[in-house]
Amino acid sequence: MSETPAAPVVPVTPATARTRVRVPLRFGDGYAVDAELVTFHGLADGLEHLAVVLGTPAPGTTPLVRLHSECLTGDVFGSARCDCGPQLREAVERIAERGGVLLYLRQEGRGIGLYNKLDAYALQDQGLDTYEANAALDLPEDARDYTAAAQMLRALGIDELDLLSNNPDKAEQLRDLGITVHDRVPTGVFTTAHNVRYLRAKVLHTSHTLPLALLTERTAG
């Protein structure tokens with residue numbers, strides 16, 4: 001029986017590091033860690049993505065990496081309608097402990113932008129899930145492209161990693177771009193009364209590795 005040939009690697013134009021600066025990070029729960037923030041020249045989409053370098057991997061181990069898409073409502077304002085803020089907080093600590101990089105990607109609303117995301121929220125309040133709301137607005141379910149992420153990783157000297165993510169598409173895109181993803185490490189499950197439908201939709205629509213049986217519907221209150 002013949003094996004299915006591997007997908008051809010998508011060629012990626014090199015990017016280069018622009019600025020590196022040490023920044024002490026402090027979180028509202030008291031967690032603190034020092035990080036190196038790195039900016040870049042030559043990213044494919046022209047956006048101001050940021051690498052947050054945390055800790056140092058032990059010799060012979062692969063770095064732990066998270067691709068974290070910007071979420072103003074969750075990351076900054078603590079919105080309970082998603083799990084982005086808790087995922088960001090968790091990722092910083094887990095990566096710092098093991099050594100690796102968090103790529104903070106300017107891809108608000110899975111790439112549709114802040115205003116469109118809030119338009120989609122309004123439709124979700126009428127009963128649609130997060131993906132159905134995007135479709136109703138003639139927007140893609142997920143518009144994110146990780147070419148710039150692959151460029152950033154290579155500019156940092158990383159071509160193999162373990163990926164901290166529940167999203168199989170992130171690992172698949174990185175592999176198509178020539179990055180070796182050894183393991184996909186799941187994040188924690190951060191449920192609130194306001195985000196259970198959102199998390200269930202991610203499992204049902206895009207095969208996120210979340211425990212569907214635990215994501216029972218709850219009434220917000």
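Keep in mind that what you see is a predicted model, and the values were worked out from it rather than measured.

1. As for the packing of aromatic side chains
Thought 1: Under the definition given, this model contains one aromatic pair.
Thought 2: Each ring, one from F27 and one from Y31, has its centre 6.0 Å from the other, and the planes form 40 degrees; the classification is tilted.
Thought 3: It is R81 that lies over the ring of Y121; its NZ or CZ is 4.2 Å from the centre.
Thought 4: Here the guanidinium or amino end of R89 rests over the ring plane of F27, the centre of that ring lying 5.6 Å away.

2. Brief notes about the pattern of salt bridges
Thought 1: Inspection of every chain in the model, using the stated rule, returns 10 salt bridges.
Thought 2: Close ionic contact of D125 with R81 constitutes a salt bridge, the shortest N to O distance being 3.1 Å. Taken together, the residues D125 in the loop between helix 3 (114-124) and helix 4 (130-136) and R81 in the loop between helix 1 (72-76) and helix 2 (84-98) connect sequence positions 44 residues apart.
Thought 3: Exposure remark for D125: the relative accessible area of 58% places this residue in the exposed category.

3. Things to note about helix 5 (residues 147-155)
Thought 1: Here helix 5 lies mainly inside the structure; seven of its nine residues are buried.
Thought 2: Of all the residues in helix 5, the buried ones are T147, A148, A149, A150, Q151, M152 and L153.
Thought 3: Against the buried residues of helix 5 lie strand 2 (32-41), strand 3 (50-54), strand 4 (64-69), strand 5 (100-105), strand 6 (160-164) and helix 6 (168-176).
Thought 4: In the stretch just after helix 5, G157 is the one whose phi turns positive, near 80 degrees.

4. What about the environment of P63?
Thought 1: Within the secondary structure layout, P63 lies in the loop between strand 3 and strand 4.
Thought 2: For P63, a relative accessible area of 12% puts it in the buried group.
Thought 3: Sequence separation between P63 and R98 is 35 residues; the distance between their C-alpha atoms is 7.3 Å.
Thought 4: In this view, P63 contacts P57, R98, G99, G100, I158, E160, L161 and D162; residues no more than four positions away in its chain are not counted.

5. Quick look at the pairing of strand 6
Thought 1: Buried residues dominate strand 6, accounting for four of its five residues.
Thought 2: Sheet topology note: the strand 4/strand 6 ladder contains two bridges and is parallel. Following the sheet pairing, L64 is matched in strand 6 by D162.
Thought 3: Looking at chain direction, strand 6 and strand 7 (residues 180-185) are connected through four bridges and run parallel. The partner of L164 across the bridge, within strand 7, is V185.
Thought 4: Taken together, strand 6, helix 6 and strand 7 form a β-α-β motif whose crossover is right-handed.

What counts and how
Numbers given for residues are sequential positions, taken from 1 along each chain in its written order. Residue-level local features of this predicted model are given only where pLDDT is at least 70; pairs of side-chain atoms are given and counted only at 80 or more, and the full residue set underlies all totals for whole chains, interfaces and linings. With hydrogens and water stripped out, all remaining heavy atoms of the structure feed into the side-chain values. Any two of the Phe, Tyr and Trp rings considered here, Trp counted by its six-membered ring, make a pair once their centres fall within 6.5 Å; the pair's planes then place it as stacked at under 30 degrees, edge-to-face at over 60, or tilted in between. The rule is short: NZ of Lys or CZ of Arg within 6 Å of the ring centre and within 35 degrees of the ring normal puts a charge over the ring. Each reported salt bridge corresponds to a side-chain nitrogen of Lys or Arg within 4 Å of a carboxyl oxygen of Asp or Glu. Helix and strand labels come from DSSP, where a helix needs a run of H or I of at least four residues and a strand needs a run of E of at least two; each type is numbered from the N terminus. A simple rule labels every residue: compare its accessible area, found with a 1.4 Å probe on the protein chains alone, to the largest value its type can have, and call it buried under 20%, exposed over 50%, or partly exposed in between. Contacts were defined at the residue level, with two residues in contact if any of their heavy atoms lie within 4.5 Å. Strands pair, by our definition, only if DSSP identifies at least two bridges between them. The path from the first strand over the helix to the second decides the hand: if it runs clockwise while the strands point away from the viewer, the crossover is right-handed.

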